[in-house]
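# Notes for the structure review
The residues making up each chain are set out below.
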Amino acid sequence: MNYEEMIKFAEKASENAYVPYSKFPVGACLLTENGNIYTGCNFENSSFGLTICAERNTAGTAIANGDKSFRAIAIFSPKMDNCTPCGACRQVLNEFKSHEGLDVITNTSDGIKVYSIEELLPQSFVL
Ligand code: THU
């Protein structure tokens, strides 16, 4: 699957977002090293701090399926161009980057943008 197709899958996943508070749907499409694809969306809670971002929801699904090496993740929000992951999600994604790296793909009115996780989270904390 190419990166443009991954954005389309992320867009579709954003339709399932549960966002009664922010009204800011986000979808993600994750490609793992062994070629599997996972999608997910954000879901909020009346106790606001319990909100789970699309990226971490999707990462959790991959991990639950035994896929812990992430090659690329596409993110889409109908409300924002170039919707990059929040700081917490950057840290979580960094934990599972593949040996070949992890590309973070966003959508803009000019087409897709591709970032490396190192670009989005320089000097990251790792144990
Ligand atoms: N959100 C995501 O799901 N991913 C991002 O990259 C940015 C923020 C969610 C959290 C919350 O449900 C809503 O977007 C507004 O912050």
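Here, the structure is the one placed above.
Everything quoted here is computed from the prediction, not taken from an experiment.

## A word on the pairing of strand β1 (residues 27-32)
- Taken across its 6 residues, β1 has 6 buried, putting it largely inside the fold.
- Pairing of β1 with strand β2 (residues 37-41) involves 5 bridges; the strand directions are antiparallel. Within β2, the residue paired with A28 across the bridge is G40.
- Two elements, β1 and strand β3 (residues 70-76), share 6 bridges in a ladder whose sense is antiparallel.

## Topic: the sheet that holds strand β5 (residues 111-116)
- Taken in spatial order, the 5 strands of this open sheet run β2-β1-β3-β4-β5, and their pairing is mixed. A strand with exactly one partner marks an edge of an open sheet, and here the two such strands are β2 and β5. On average, each strand axis in the sheet is tilted by 20° relative to the strand beside it, whichever way the strands run.
- Packing of helix α2 (residues 54-64) onto the sheet brings it into contact with β1, β2 and β3, and relative to β2 it is tilted by some 140°.

## Looking at the site of the ligand
- Close contacts around the ligand come from S22, F24, V26, N42, E44, T51, C53, A54, E55, T84, P85 and C86, and that covers them all.
- A distance of 3.3 Å is found between an oxygen atom of the ligand and a backbone nitrogen or oxygen belonging to T84.
- In isolation the ligand exposes 370 Å². Once the protein is present, 79% of that is buried.
- Taken together, the residues that form the shell around the ligand break down as 6 nonpolar, 4 polar and 2 charged.

## A word on the side chain of T32
- Along the polypeptide, T32 turns up in strand β1.
- Here N34 takes part through its side chain, which lies 2.8 Å from a polar atom of the side chain of T32.
- Not counting residues up to four positions away in its chain, the partners in contact with T32 are Y38, A62, D67, S69, F70 and R71.

## Concerning the packing of aromatic side chains
- Enumeration over the complete set of coordinates arrives at 2 aromatic pairs.
- With a centroid separation of 5.4 Å and 50° between ring planes, the pair formed by Y21 and F48 is classed as tilted. On the criterion of sequence distance, the pair formed by Y21 in the loop between α1 (3-14) and β1 and F48 in the loop between β2 and α2 is long-range, its members being 27 residues apart.
- With relative accessibility at 59%, the residue F48 sits in the exposed group.
- When the centroid spacing of 5.4 Å and the interplanar angle of 35° are considered together, the rings of F70 and F96 count as tilted. Of the two residues, F70 is situated in strand β3 and F96 in the loop between α3 (87-95) and β4 (103-108); the sequence distance between them amounts to 26 residues.
- The buried category is assigned to F70, whose relative accessible area is 0%.

## Remarks on the nonpolar core
- Ranked by internal contacts, the top residues of the largest apolar core, which has 18 residues, are L30, F70, I73, I75, L93, L102 and V104.
- Listing elements by their share of this core, those giving two or more residues are β1, α2, β3 and α4 (117-120).
- In this view, I73 contacts M6, A28, C29, L30, E55, L93, L102, D103, V104 and I105; residues no more than four positions away in its chain are not counted.

## Regarding the pattern of salt bridges
- Across all of its chains, the model carries 3 salt bridges by this definition.
- With a shortest N-O distance of 3.5 Å, E11 and K8 are connected by a salt bridge. Residue E11 and its partner K8 are both found in helix α1; the two are separated by 3 residues, about one turn of the helix.
- Note that E118 is salt-bridged to K97, the shortest N-O span being 3.3 Å. One end of the pair, E118, is in helix α4; the other, K97, is in the loop between α3 and β4, and 21 residues separate them in sequence.
- Accessibility expressed as a relative area gives 30% for K97, which makes it partly exposed.

Cut-offs applied
- Residues numbered from 1 in each chain as written.
- Predicted model: local features only at pLDDT ≥ 70, side-chain atom pairs only at ≥ 80, totals over all residues.
- Heavy atoms only, no water.
- Buried < 20%, exposed > 50% of the residue type's maximum accessible area, 1.4 Å probe, protein only.
- Helix = DSSP H or I, 4+ residues; strand = E, 2+ residues; numbered from the N terminus.
- Pairing = 2+ DSSP bridges.
- Axes fitted to C-alpha atoms, helices over the stretch in contact; angles between N-to-C directions.
- Contact = heavy atoms within 4.5 Å.
- Near = heavy atom within 4 Å.
- Polar contact = N/O pair within 3.5 Å; in protein donor to acceptor, adjacent residues only side chain to side chain.
- Areas by Shrake-Rupley, 256 points an atom, 1.4 Å probe, with all protein chains shown as cover.
- Nonpolar A, V, L, I, M, F, W, Y, C, P; charged D, E, K, R; others polar.
- Phe/Tyr/Trp six-rings, centres within 6.5 Å; stacked < 30°, edge-to-face > 60°.
- Core = buried A, V, L, I, M, F, W, Y, C linked by side-chain atoms within 4.5 Å.
- Salt bridge = Lys/Arg side-chain N within 4 Å of Asp/Glu carboxyl O.

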